[in-house]
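The lines below spell out each chain.
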Amino acid sequence: MNIPEFQQYKNSGKKLTVVTAYDALFTQIVEQAGLEVILVGDSLGMVVQGHANTLSVTMDDMLYHTRLVARTARQALVIGDMPFMSYQVSVEEGIRHAGQFLQAGAAAVKIEGGRSVVDRVEAMTRFGIPVMGHVGMTPQSVNQFGGYKVKGKMPEEAQSLVEDVKALEQAGVFAVVLECIPALLAKQVTDLLTVPTIGIGAGPHCDGQVLVLYDLLGLYDDFVPKFVKPYGHLKADALQALQRYREEVERGKFPTDHESYH
Ligand code: KIV
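Residues numbered from 1 in each chain as written. Predicted model: local features only at pLDDT ≥ 70, side-chain atom pairs only at ≥ 80, totals over all residues. Heavy atoms only, no water.

Caption draft 1: Up close: the domain arrangement of the protein chain. Along its sequence, the protein chain is carved into domain 1 (3–231) and domain 2 (234–262). Taken over C-alpha atoms, the centre of domain 1 sits 40 Å from the centre of domain 2. (Domains from an automatic or database assignment.)

As structure tokens, then:
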């Protein structure tokens, strides 16, 4: 999928399904399942690296995982998530780092923030780098928010979010992620914008949805937010497989003749 095709989904009323991936194997599985948009999310800080939040993830980490995904993806639109402090310091640093994502094989980047990042969005898009916005509960600001909380419940906060997305669209984003906001606010924003909205914890009215792959597969259970629906139970399956393997090795039941060379 490319950026104009992404926009076509909204124009034709077809929902977009986005998922994160961080490596070659899962990229292959995601594509075999027919999903067409992959976000190499900085959520890898938690689900791959074991950190409590996304703040420790570096450009090197993100470029490494973006290469693994982009090298494997055949059809999917690969979006690289710009990590904390890779675009906040200056417009120049933001453009340089965004360019590195495209050189690593991503077709677009995602950055968090509203009016505070419009100069970054304008500069990146001016130089041919497609940008996805991300507002609401933006995880890189978790310390300022005092935890992972629903945003936009209060009228002033909702109004501020509306101003943010209008400014982002004006600046040239090709889509906006709405994270953890009330469903009705997400509907208002989705109706207002011409670019697609992609929700995570933002209800059913968005133009598409995104989930962290390990959450939807039931692999990661350190912290399961209300908006996550586990479509699989891979952690339970993995535990069972490993326990059976150990049991069979201990009892001398594995390997059998079948798994041995003669
Ligand atoms: O890092 C990430 O995976 C994300 C999405 C869940 C939106 O930002």
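Caption draft 2: Layout of the site of the ligand. Near the ligand you find T20, L39, G41, D42, S43, D81, K110, H134, I200 and V212, and these make up its full shell. D42 places a side-chain nitrogen or oxygen 2.9 Å from an oxygen atom of the ligand. Here an oxygen atom of the ligand sits 3.2 Å away from a polar atom, N or O, in the side chain of K110. Surface burial for the ligand is 95%, taken as the share of its 250 Å² of free accessible area covered by protein chains. Among the residues making up the shell around the ligand, the classes are represented as 3 nonpolar, 4 polar and 3 charged. (Near = heavy atom within 4 Å. Polar contact = N/O pair within 3.5 Å; in protein donor to acceptor, adjacent residues only side chain to side chain. Areas by Shrake-Rupley, 256 points an atom, 1.4 Å probe, with all protein chains shown as cover. Nonpolar A, V, L, I, M, F, W, Y, C, P; charged D, E, K, R; others polar.)

Caption draft 3: Spatial organisation of the pattern of salt bridges. Throughout the structure, instances matching the rule amount to 10 salt bridges. Notably, a salt bridge pairs R115 with D164, separated by 2.7 Å at the nearest N-O pair. Placement of the pair is R115 in the loop between strand 4 (108–110) and helix 6 (118–126) and D164 in helix 8 (residues 155–171), with a sequence separation of 49 residues. On the basis of relative accessible area, R115 is assigned to the partly exposed category, the value being 43%. For D164, a relative accessible area of 16% gives the class buried. A salt bridge links R246 to E250; its shortest N-O distance comes to 2.9 Å. One end of the pair, R246, and the other, E250, are both in helix 11 (residues 234–250), 4 residues apart, so they sit about a helical turn from each other. The pair R246 / E250 is uniform in exposure class, with both members exposed. (Salt bridge = Lys/Arg side-chain N within 4 Å of Asp/Glu carboxyl O. Helix = DSSP H or I, 4+ residues; strand = E, 2+ residues; numbered from the N terminus. Buried < 20%, exposed > 50% of the residue type's maximum accessible area, 1.4 Å probe, protein only.)

Caption draft 4: Geometry of the packing of aromatic side chains. For the coordinates displayed, the defined rule picks out 5 aromatic pairs. Relative to F174, the ring of F6 has its centre 5.3 Å away and its plane inclined at 80°; by these criteria the two rings are edge-to-face. Here F6, found in helix 1 (residues 3–12), pairs with F174, found in the loop between helix 8 and strand 6 (175–179); they are 168 residues apart in sequence, far enough to count as distant. Like F174, F6 is buried. One aromatic cluster is present, built from ring pairs that chain together Y22, F26 and Y214. Positioned above the aromatic ring of F145, the side-chain terminus of K151 is 3.8 Å from the ring centre. (Phe/Tyr/Trp six-rings, centres within 6.5 Å; stacked < 30°, edge-to-face > 60°. Lys NZ or Arg CZ within 6 Å of the ring centre and 35° of its normal.)

Caption draft 5: View of the environment of V150. Its place among the elements puts V150 in the loop between helix 7 (142–145) and helix 8. For V150, a relative accessible area of 42% gives the class partly exposed. Spatially, the C-alpha atom of V150 lies 7.4 Å from that of P182, the residues being 32 residues apart in sequence. Ignoring anything within four residues of it in the chain, the contact list for V150 reads C180, I181 and P182. (Contact = heavy atoms within 4.5 Å.)

Caption draft 6: Structural context of the environment of K10. Looking at the element boundaries, K10 is found in helix 1. Separated by 187 residues in sequence, K10 and T197 place their C-alpha atoms 8.7 Å apart. Separated by 2.9 Å, the side chain of K10 and the backbone oxygen of L193 make a polar contact.

Caption draft 7: Representation of the layout of surface pockets within the structure. Its boundaries defined by the atoms lining it, the largest pocket holds a volume of some 660 Å³. Around the largest pocket sit 33 residues that line it, and P139, E179, I200, P225 and F227 are the ones nearest its centre. Elements supplying a minimum of two residues to the lining of the largest pocket: helix 3 (44–47) and strand 6. Residue classes in the lining of the largest pocket are distributed as 19 nonpolar, 6 polar and 8 charged. If you go around the second largest pocket, you meet 22 residues; those closest to its centre are G113, G114, T138, S141 and F145. When residues of the lining of the second largest pocket are traced back to their parent elements, those giving at least two are strand 5 (131–136), helix 7 and helix 8. Considering each element in turn, the lining of the second largest pocket owes the most residues, 4 residues, to helix 8. Grouping the constituent residues of the lining of the second largest pocket by class yields 6 nonpolar, 11 polar and 5 charged. (1 Å grid on protein atoms, 1.4 Å probe; cavity = no way out; pocket = protein on both sides within 12 Å on 5 of 7 lines; lining within 4 Å. Points joined across faces, edges and corners; volume = space filled by probe spheres on them.)

Caption draft 8: Structural view of the nonpolar core. Counting 57 residues, the largest nonpolar core has M124, V176 and L178 as its most contacted members. Considering each element in turn, this core owes the most residues, 6 residues, to helix 8. Contact partners of M124, with chain neighbours within four places excluded, come to M82, Y87, G94, I95, A98, V109, I111, I129 and V131. In this structure, M1, L77, I79 and V177 belong to the second largest nonpolar core, which totals 17 residues. (Core = buried A, V, L, I, M, F, W, Y, C linked by side-chain atoms within 4.5 Å.)

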